[in-house]
Amino acid sequence: MSSFSQLKIMKTEMKALEKFDTMQVIKGRQTIEVLRTDLDSCKKEVKALTQLPQLPQGTCPRSRLVSVTGPVFYTEGEYPGLYSYGAWGCDPKPEKGKENWYWLVMMTSNNRYSNYIRFYSSLNSLIRGVSAPGNVYIHTSNPTTNTIQGPNNVLYGGALYYNCYNRDAVCHFNLTTKHVTTLELHQGTRYNSKGNFCHLEECYPYTDLDLATDESGVWVVFTTSLDFGNMILSKVEGGEPPALGKTWQTSVYKQAVTNTFMACGVLYATRYVNQELEEIFYSFNTVTGKERFNLGIFISKISPNIQALNYSPVDQTLHVYSDSNMVYYKVIFE
């Protein structure tokens, strides 16, 4: 091939390359414009979302609970097999600097009473059984006035909510001031202290009053002699002392239930299936008033009994205390 022919071919190839480069530049500019348009659209959507009004109780961006996966992990913590009854979790509205902390309350007297709270600076510390220095004591004696009775306790806004010892009342223990205030449940309600959580083989002692937390705050589940043993749900309004807010009546018999928890303003109840399974069978929506009795959501257990069960809105998990084990499940919403 002559030099002239080679130069002609090279010239043709260079023109093709120049045309290709030009087209790439044009495409690049078009892509940038598309991305800029998408970015502007996203900014508008984000701005619209931040201006949405606060969601009422019972509604949630995650919508309906459809399944529970796990256990993701479980641990016996610092005292393997020593305390069968207890509760654990994290504060949905934590004090500054304690966003990653976890708490633990063990029934250290007769599996029924306690007088202190243990804290862990991280989930890893909880799993390894390395607690933060010092327990936070409600009182040096156990049990005594205003100490803890029963395992159904929750921590919210830097305060522990629990059933006061030997009283039909919710105790509010401020972790900062170490001061206890109370909310009486028997006034005008004919509170039923025999309404424990049960299954066919046994009842769990001192579970007649159950505390729960969700995205909106603290709730209490109990029953009265006027409601034929059916569950009553009330909102606990913050303050010292706390106050009983709006109350709902349900159609589910409390002693047919093994535990309850709240998520997005919806009450869920569980029942015992066998030693390996627990079923979330019931829900009550506090906005619509609608009850469902056929949820069919199963929880795989590592031990036969669940003494305490609470939902964490922080990471959409269930914190379970099961025969001395702290068990962690992931909740899936639709």
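Residues numbered from 1 in each chain as written. Predicted model: local features only at pLDDT ≥ 70, side-chain atom pairs only at ≥ 80, totals over all residues. Heavy atoms only, no water.

In the annotation of an unreviewed UniProt entry, the protein chain is listed under the name Olfactomedin-like domain-containing protein and assigned to Haplochromis burtoni. In the Subcellular location (unreviewed entry) part of its UniProt record, the protein chain is described as follows: "Secreted". (UniProt positions renumbered as here; feature names shortened; annotations may be inferred.)

A. Region of the structure containing the overall build of the protein chain. Scanning the protein chain for helices and strands turns up two helices and 23 strands. Among the 334 residues that make up the protein chain, the fraction classed as buried is 48%. Contacts spanning at least 24 positions in sequence make up 53% of the contacts within the protein chain whose residues lie at least 6 apart. Per element, the accessible surface of the protein chain, about 16,700 Å² overall, is 53% carbon and sulfur. (Helix = DSSP H or I, 4+ residues; strand = E, 2+ residues; numbered from the N terminus. Buried < 20%, exposed > 50% of the residue type's maximum accessible area, 1.4 Å probe, protein only. Contact = heavy atoms within 4.5 Å. Areas by Shrake-Rupley, 256 points an atom, 1.4 Å probe, with all protein chains shown as cover.)

B. The pattern of salt bridges, seen in detail. Scanning all chains against the criterion turns up five salt bridges. The closest approach of N and O atoms between E78 and R118, which form a salt bridge, is 3.0 Å. Remark: R118 occurs in strand β5 (residues 116–120) and E78 occurs in the loop between β1 (65–75) and β2 (86–89); sequence separation between them is 40 residues. According to the relative accessible area criterion, R118 is buried, its value standing at 10%. Among the ionic pairs, E278 bridges to K301, the shortest N-O distance being 2.8 Å. (Salt bridge = Lys/Arg side-chain N within 4 Å of Asp/Glu carboxyl O.)

C. Region of interest: the nonpolar core. Ranked by size, the top nonpolar core spans 50 residues in total, and within it W88, L160 and F173 carry the most contacts. It is strand β3 (residues 102–106) that contributes the most residues to this core, five residues altogether. Not counting chain neighbours up to four residues away, the residues in contact with W88 comprise F73, Y102, W103, L104, L123, L126, H319, V320, Y321, M326, V327 and Y328. Judged by nonpolar contacts, the second largest core, of 20 residues, contains F261, C264, L295 and Y311. (Core = buried A, V, L, I, M, F, W, Y, C linked by side-chain atoms within 4.5 Å.)

D. Structural detail: the packing of aromatic side chains. A complete count under the given rule lists 14 aromatic pairs for this structure. Ring centres of F73 and W88 lie 6.4 Å apart, and the angle between their planes is 55°; on these two criteria the pair is classed as tilted. Of the two residues, F73 is situated in strand β1 and W88 in strand β2; the sequence distance between them amounts to 15 residues. Assigned by exposure class, F73 and W88 land together as buried. Each residue in the set F73, W88, Y102 and Y328 is aromatic and connected to the rest through ring pairs, giving one cluster. Seen from the ring of W101, K98 lies directly overhead, with NZ or CZ sitting 5.0 Å from the centre. (Phe/Tyr/Trp six-rings, centres within 6.5 Å; stacked < 30°, edge-to-face > 60°. Lys NZ or Arg CZ within 6 Å of the ring centre and 35° of its normal.)

E. Local environment of the environment of P304. With respect to the element layout, P304 can be found in the loop between β20 (297–300) and β21 (308–312). Sequence-wise, P304 and E276 are 28 residues apart; in three dimensions their C-alpha atoms are separated by 6.3 Å.

F. Structural context of the environment of H172. With respect to the secondary-structure elements, H172 resides in strand β10 (residues 169–174). Taking the C-alpha atoms as reference points, H172 and Y161, separated by 11 residues in sequence, lie 4.8 Å from one another.

G. Highlighting the sheet that holds β10. Taken in spatial order, the four strands of this open sheet run β8-β9-β10-β11, and their pairing is antiparallel. The open sheet has two free edges, formed respectively by β8 (154–156) and β11 (180–184), since each of these has just one partner strand. Strand after strand, the sheet turns through a mean of 25° between neighbouring axes, direction not considered. Relative to β11, β10 runs antiparallel, the two sharing five bridges. What sits directly across from A169, in β11, is E184. (Pairing = 2+ DSSP bridges. Axes fitted to C-alpha atoms, helices over the stretch in contact; angles between N-to-C directions.)

H. Highlighting the sheet that holds strand β23 (residues 325–333). The four strands lie next to each other as β1-β23-β22-β21, forming an open sheet whose pairing is antiparallel. Sheet topology places β1 and β21 at the edges, where each strand pairs with a single neighbour. Taking each pair of neighbouring strands and ignoring which way they run, the sheet shows an average axis angle of 25°. By the bridge criterion, six bridges tie strand β22 (residues 317–322) to β23 in an arrangement that is antiparallel. Bridge pairing in β23 places Y321 opposite M326.

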